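Take a look at the letters that make up each chain.
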Amino acid sequence: HRLLLENAEQLVLVCGRREPYLRRDGAAGLGVLRAASLVVGLDGCIKAVGQADVIRNEFSEATFERIIDCSGKCVLPGLVDAHTHPVWAGDRVHEFAMKLEGASYMEIHQAGGGIHFTVEHTRKATEDELFASLQQRLGRMLRAGSTLVECKSGYGLNLETELKMLRVIERARKSTEIGISSTYCGAHAVPKGKTATEATDDIINNHLPKLKELKQSGEIHVNNIDVFCEKGVFDLESTRRILQAGKDIGLQINFHGDELHPMKSAELGAELGARAISHLEEVSDEGIVAMARAKCAAVLLPTTAYMLRLKQPQARKMLEEGVIVALGSDFNPNAYCFSMPMVMHLACVNMKMSMNEALAAATINAAYALGKSDTHGSLEVGKQGDLLIINSSRWEHLIYQFGGHESLINYVIVKGKVIYENERCETVGSY
């Protein structure tokens, strides 16, 4: 066997009956075992979870590559970040000052800033430069506890640069330990010199056929298709055409909707069988009901509303209506946050989620939003051995300590292999 984690003070299962997601009532009963152990096999999958003495007897003859004493510590599933834009060049720190002075997202966008500024720099950057910065960013996400991350293209807006970004994501998928779900987001903005209709036609007639070809040859693995459905960007009809064309080549629908204006994106997503919709600050009541019925996950992004001073997404209403609520960091040049523990904290404080709901949203439900909750998102036998050990006797410290993950996360483990071991934890003592 590869790994034995012994005698954890708390082992947080999240769920224990192979649930593909947790709604509000399910998240309330978060499974926590005390004095528990866990075994990961050489195939990287969890072989046993249970009381420490039972596991000790069962595996008394077994050999392990590594044994970690988790006394006084907590074991949790690796966190899943369901929405990031991690491939780009040219930061937008100068725009932060403009925002603080009161400029809106769309004002900056129309002045040639925002997405267009990043597009310009990303087009000029080489594949190697983009890959180096992506690796660095993924490393920071991993050290903050994320073991599976959704990664979007979308700062190319032409076929050549979008493919460059997707190749960079593919290289990272093959060469880094962190799990990656890849998203084609060519419809992130309307490129300069084109109308939304022309951009839509270009994506459907040129981008997607090329993507299909590269997918079939195995050169690039793309999982999801995304569109920024927004007033002044892609309207509902353009969005529908692009998402349907993506679905037709086997991509999961996972798109930006109802962020700055109510667009009826949620209703559209439910109708098209979308796996997930992100943002939803301006979602309608009908949209919420439609998403709950269609089992379409809401990927809420507390950093966005916080940074842009928008109204917060209605997490409580969604939970009460039975929507599957997930979380993402929305890491991008506009919301520079790598840390899902900080995202969970913001979700609890600003969106009024409970800590149990936030943890479910950042594990099993975020995995569901990526179509991966059968293998990720909880500590159950048969699932991939992705987990965190935190240097605290209560798991809630991961959310309670705002920005405290740097000294709190002791180990990050992917497929039963220790990927990150934090020296700091040994010097500071348990929290």
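Because the structure is predicted, anything quoted here is derived from the model rather than measured.

(A) Quick look at the side chain of Glu396. Topologically, Glu396 is positioned in the loop between β14 (387-390) and α17 (397-400). Taking relative accessible area as the criterion, Glu396 reaches 17% and is therefore assigned buried. Once you skip the residues sitting within four places of it in the chain, Glu396 turns out to touch Gln10 and Met355.

(B) Representation of the domain arrangement of the protein chain. Taken domain by domain, the protein chain comprises domain 1 (3-77 + 378-421) and domain 2 (79-370). A C-alpha centroid distance of 29 Å is found between domain 1 and domain 2. Taken together, domain 1 and domain 2 are joined by zero salt bridges. Along the contact surface separating domain 1 from domain 2 lie six residue pairs in polar contact (both at pLDDT 80 or more). Of all elements in the fold, only β1 (3-14), α1 (24-28), β5 (74-77), α17, β15 (409-414) and β16 (417-421) reach the threshold of two or more residues within the side of domain 1 that touches domain 2.

(C) Quick peek at the pairing of strand β9 (residues 224-229). In terms of burial, β9 is largely enclosed, as six of its six residues are buried. Residues of β9 alternate between two faces, with Asn224, Asp226 and Phe228 on one and Ile225, Val227 and Cys229 on the opposite face, all of them buried. Here strand β8 (residues 179-187) runs beside β9; their pairing, made up of three bridges, is parallel. Looking across to β9, one finds that Ala187 is bridged to Val227. In terms of handedness, the path from β9 via helix α9 (residues 236-248) over to strand β10 (residues 252-257) forms a crossover that is right-handed.

(D) Layout of empty space enclosed by the protein. Throughout the structure, instances matching the rule amount to five cavities of 30 Å³ or more. Counted as a void, the largest cavity has a volume near 140 Å³. Residue lining of the largest cavity: 14 residues in total, with His85, Tyr105, His188, Asp330 and Asn332 positioned closest to the centre. Classifying every residue of the lining of the second largest cavity gives three nonpolar, seven polar and one charged.

(E) Geometry of the environment of Ile225. Along the chain, the position of Ile225 falls in strand β9. When the C-alpha atoms of Ile225 and Cys185 are compared, they prove to be 6.1 Å apart, with 40 residues separating the residues in sequence. Leaving out residues up to four positions away in the same chain, Ile225 has contacts with Thr183, Tyr184, Leu208, Ile242, Leu243, Gly246, Leu251, Gln252, Ile253, Asn254 and Phe255.

(F) Region of interest: the sheet that holds β10. Judged by pairing direction, the sheet is parallel, and its eight strands sit side by side in the order β6-β7-β8-β9-β10-β11-β12-β13 without closing on themselves. A strand with exactly one partner marks an edge of an open sheet, and here the two such strands are β6 (79-81) and β13 (325-327). Within this sheet the neighbouring strands show an average axis-to-axis angle of 25 degrees, counted without direction. Taken strand by strand, helix α8 (residues 196-216) contacts β8 and β9, and its axis lies near 155 degrees from that of β8.

(G) Just the pattern of salt bridges, in detail. The tally for this structure, following the rule as stated, stands at 23 salt bridges. In this structure, Glu282 engages Lys311 in a salt bridge whose closest nitrogen and oxygen atoms are separated by 3.5 Å. Here Lys311 lies in the loop between α12 (302-308) and α13 (315-320) and Glu282 lies in the loop between β11 (276-279) and α11 (285-294), a separation of 29 residues in the sequence. Overall, Glu282 belongs to the partly exposed group, its relative accessible area being 23%. Through salt bridges with shared partners, a single ionic network connects Glu150, Lys152 and Asp226.

(H) Spotlight on helix α5 (residues 115-124). If you check which residues of α5 are buried, you get Ile115, His116, Phe117, Thr118, Val119 and Thr122. Against the buried residues of α5 lie α3 (93-100), α4 (105-110), α6 (127-143), α7 (159-175) and β9.

(I) Representation of the environment of Thr183. Mapped onto the secondary structure, Thr183 falls in strand β8. For the pair formed by Thr183 and Asn422, sequence separation is 239 residues and the distance between their alpha carbons is 31 Å. Setting aside residues up to four positions removed in sequence, Thr183 forms contacts with Glu150, Cys151, Lys152, Ser153, Leu166, Val222, Asn224, Ile225 and Asp226. Polar side-chain contacts of Thr183 include one of 2.7 Å to the side chain of Glu150.

(J) Inspection of the pairing of strand β12 (residues 297-300) at higher detail. Burial along β12 is two-sided: the residues Ala297 and Val299 and Ala298 and Leu300 are all buried. Bridge analysis of β11 against β12 gives three bridges, and the strand direction is parallel. Across the sheet, Ile277 pairs through a bridge with Ala298, a residue of β12. Taking the sense of rotation as the criterion, the β-α-β connection linking β11, α11 and β12 turns out right-handed. Pairing analysis gives three bridges linking β12 to β13, with the strands arranged parallel.

(K) Representation of the packing of aromatic side chains in the model. Enumeration over the complete set of coordinates arrives at seven aromatic pairs. Between Trp88 and Tyr336, the aromatic rings sit 6.1 Å apart at their centres with planes inclined by 80 degrees, giving edge-to-face as the arrangement. Residue Trp88 is found in the loop between β6 and α3, and its partner Tyr336 is found in the loop between β13 and α14 (340-350); the two are separated by 248 residues along the sequence. Among the aromatic residues, those joined into a cluster by ring pairs are Trp88, Phe331, Tyr336 and Phe338. Over the ring of Trp88 we find Arg137; its NZ or CZ atom is 3.7 Å from the centre of that ring.

Conventions used here
- Residues numbered from 1 in each chain as written.
- Predicted model: local features only at pLDDT ≥ 70, side-chain atom pairs only at ≥ 80, totals over all residues.
- Heavy atoms only, no water.
- Helix = DSSP H or I, 4+ residues; strand = E, 2+ residues; numbered from the N terminus.
- Buried < 20%, exposed > 50% of the residue type's maximum accessible area, 1.4 Å probe, protein only.
- Contact = heavy atoms within 4.5 Å.
- Domains from an automatic or database assignment.
- Salt bridge = Lys/Arg side-chain N within 4 Å of Asp/Glu carboxyl O.
- Polar contact = N/O pair within 3.5 Å; in protein donor to acceptor, adjacent residues only side chain to side chain.
- Pairing = 2+ DSSP bridges.
- Right-handed = clockwise from strand over helix to strand, strands pointing away.
- 1 Å grid on protein atoms, 1.4 Å probe; cavity = no way out; pocket = protein on both sides within 12 Å on 5 of 7 lines; lining within 4 Å.
- Points joined across faces, edges and corners; volume = space filled by probe spheres on them.
- Nonpolar A, V, L, I, M, F, W, Y, C, P; charged D, E, K, R; others polar.
- Axes fitted to C-alpha atoms, helices over the stretch in contact; angles between N-to-C directions.
- Phe/Tyr/Trp six-rings, centres within 6.5 Å; stacked < 30°, edge-to-face > 60°.
- Lys NZ or Arg CZ within 6 Å of the ring centre and 35° of its normal.

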